[in-house]
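Spelled out, the chains give:
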Amino acid sequence: MNDNWDERRKNQPQPQPKNDNDKNGGDSLYNLDTMKKDYRLKKQRIHAGLWTKEIEKQQEAAMNATLGDSSPDDIDRLLDSCS
């Protein structure tokens, strides 16, 4: 029985050597790869937020431009024509 056990242990893959990037010594949840992914995601979110703000500014400027084109004379002419 012990011979079989030793033979099975030899066939099992050996654990990987510990990476120097792990600060806690074990399989930490926040290693270098996850930090890279988190940084990339945060950068994408910030970029998307900035684009959203820029698009809102452009839409607001377009709305103000269309509303600003109507002068009081246009309203007066409309009221005169309706009477």
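Looking at an unreviewed UniProt entry, one finds the protein chain named mucin-like protein, with Salix koriyanagi as its source organism.

*Asks:* Before we move on, could you go through the overall build of the protein chain and cite the residues and values that matter?
*Replies:* Each helix and strand counted, the protein chain has three helices and zero strands in total. Listed by position from the N terminus, the elements making up the protein chain come as α-α-α. Summed over all atoms, the accessible surface of the protein chain reaches about 8,600 Å², with 54% contributed by carbon and sulfur.

*Asks:* Run through a nonpolar patch on the surface, naming residues and quoting values.
*Replies:* A contiguous nonpolar patch, built from L29, Y30, L32 and M35 and spanning about 430 Å² of accessible area, is present on the exposed surface. The topology assignment puts Y30 in the loop between α1 (2-11) and α2 (32-68).

Scoring rules and cut-offs
- Residues numbered from 1 in each chain as written.
- Predicted model: local features only at pLDDT ≥ 70, side-chain atom pairs only at ≥ 80, totals over all residues.
- Heavy atoms only, no water.
- Helix = DSSP H or I, 4+ residues; strand = E, 2+ residues; numbered from the N terminus.
- Areas by Shrake-Rupley, 256 points an atom, 1.4 Å probe, with all protein chains shown as cover.
- Patch = residues over 30% accessible without salt bridge, like charges linked within 9 Å, V, L, I, M, F, W, Y side chains within 5 Å.
- Salt bridge = Lys/Arg side-chain N within 4 Å of Asp/Glu carboxyl O.

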